[in-house]
Amino acid sequence: MYIKRIKHFFNTLFNPPVRYIKDLYPFMFLMDVLCFFVVSFGFSSFDYGGTGSVVRDISSNRVPITFVIMLIVISLMIIIDRAFYLRKAVKCKFLYQLVVVIFLHVWIFFVLPQITYKPSWLNKTAQFLYFIKCIYLLISAWQIRNGYPTLCAGNLITHAYGITNMIFFKLQVIFIIKLVQTFNLLVVLWAAFTDQTEDVSASFGDISFNSTNC
């Protein structure tokens, strides 16, 4: 009985009688970018200690490891989501959705309070991040239910000309710069445990300065 119901559920999910196919990937990508910036500018809410300023913590080689891990995870999630979109892998997207739901709730409500020594209902930044991810999951569920469009555009932002496309293109450049700086943070963390801290920190400062002026 239960097996038949489960089969019926998945059959209805992946083969619905009516589909309202629409390309919702830009909205999911926007939610991921917002999460990236929330973690970047509110990283003090995701780790214990630090001054609360990204610049001061990086200058003093006190970058929280949780902050770096979260940025890397968000970046990988964006890449994975993009791969599912281009491959139109609905079933893989469904499994990925389940993993994200479980991981998000375990992280926000169980792991993060142990790290920050602050309950989830008092961590406003974590609540805002959770709210954004819930919107992402809702949009993603709609995409899974109705499927990906037949033609998935590879040039998401530069497919047309206009003020809106120009603004989003510049935001994309800023995001890439932030992504490069995130991986540079790994160099700083590695240097904190070696004797080359000053040299690597100076190199990191040069890289960050040059990236900002791109």
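Small disclaimer: the values here were computed from a predicted structure and weren't measured. Sequence order as written defines the numbering, with residues in each chain counted from 1. Where local features are concerned, this predicted model is filtered to residues with pLDDT of at least 70; where side-chain atom pairs are given and counted, the filter is 80 or more; whole-chain, interface and lining totals use all residues. Note that the side-chain values use all heavy atoms of the structure and ignore hydrogens as well as water.

Asks: Can you walk me through the UniProt feature "transmembrane region" (unreviewed entry) in the protein in this structure?
Replies: As recorded in UniProt, the feature "transmembrane region" (unreviewed entry) lies at residues 24-43, 63-85, 94-115, 127-144 and 173-193. The distance from the first to the last C-alpha atom of residues 24-43 is 28 Å, and the span holds 85% helix and 0% strand. Helix makes up 100% of residues 94-115 and strand 0%, whereas the separation of the span's terminal C-alpha atoms amounts to 30 Å. UniProt positions are given in the numbering used here, feature names are shortened, and annotations may be inferred rather than shown by experiment. For the purposes of this entry, the term helix denotes a DSSP run of H or I that reaches at least four residues, the term strand denotes a run of E that reaches at least two, and both are numbered from the N terminus.

Asks: Explain the packing of helix H2 (residues 25-41) against helix H6 (residues 124-146) to me, please; I cannot follow it from the model alone.
Replies: For any two helices packed against each other, one specifies the inter-axial angle together with the distance between the axes. Angular values range over 0 to 180 degrees, each being the angle between N-to-C directions of two axes fitted as lines to C-alpha atoms, with helices fitted over their stretch in contact. Between H2 and H6, the least distance of the axes is 9 Å, while the angle of their chain directions is 165°. The angle between the axes of H2 and H6 places the two elements in the roughly antiparallel class. Of the two elements, H2 crosses H6, and the hand of that crossing is left-handed. Mapping the contact onto sequence places Tyr25, Phe27, Met28, Met31, Asp32, Leu34, Cys35, Val38 and Val39 in H2 and Thr125, Phe128, Leu129, Ile132, Lys133, Ile135, Tyr136, Ile139, Ser140 and Gln143 in H6. Each residue receives one of three labels: charged for Asp, Glu, Lys and Arg, nonpolar for Ala, Val, Leu, Ile, Met, Phe, Trp, Tyr, Cys and Pro, and polar for the others, Gly being one of them. Per-class residue counts for the contact of H2 with H6 are 14 nonpolar, 3 polar and 2 charged. Geometric relationships in this document are graded by angle, where less than 35 degrees denotes roughly parallel, more than 145 denotes roughly antiparallel, 65 to 115 denotes roughly perpendicular, and other angles denote oblique. Take the far helix as the reference: if the near one is turned anticlockwise from it by less than a right angle, the crossing is left-handed, and if turned clockwise, right-handed. Pairs of residues are marked as contacts when any of their non-hydrogen atoms sit within 4.5 Å.

Asks: Would you mind going over a nonpolar patch on the surface with me for this structure?
Replies: The patches described consist of residues with a relative accessible area above 30% and no salt bridge, like charges being joined within 9 Å and nonpolar side chains (Val, Leu, Ile, Met, Phe, Trp, Tyr) within 5 Å. All accessibility values rest on the Shrake-Rupley procedure with a 1.4 Å probe; residue burial counts only the protein chains present in the view. Definition used for salt bridges: Asp or Glu carboxyl oxygen within 4 Å of a side-chain nitrogen of Lys or Arg. On the surface, a nonpolar cluster with roughly 470 Å² of combined accessible area is contributed by Ile102, Val106, Phe109, Phe110 and Val111. Within the secondary structure, Val106 is located in helix H5 (residues 90-116). Buried, partly exposed and exposed residues are distinguished by accessible area as a fraction of the type maximum, computed with a 1.4 Å probe on protein chains only: under 20%, between the cut-offs, and over 50%, respectively. Classification of Val106 as partly exposed rests on a relative accessible area of 38%.

Asks: What exactly am I supposed to notice about the environment of Gln97 here?
Replies: By the secondary structure assignment, Gln97 is in helix H5. Separated by 44 residues in the primary sequence, Gln97 and Ala141 place their C-alpha atoms 7.8 Å from one another. Excluding residues within four positions of it along the chain, Gln97 makes contact with Leu137, Ser140, Ala141 and Ile144.

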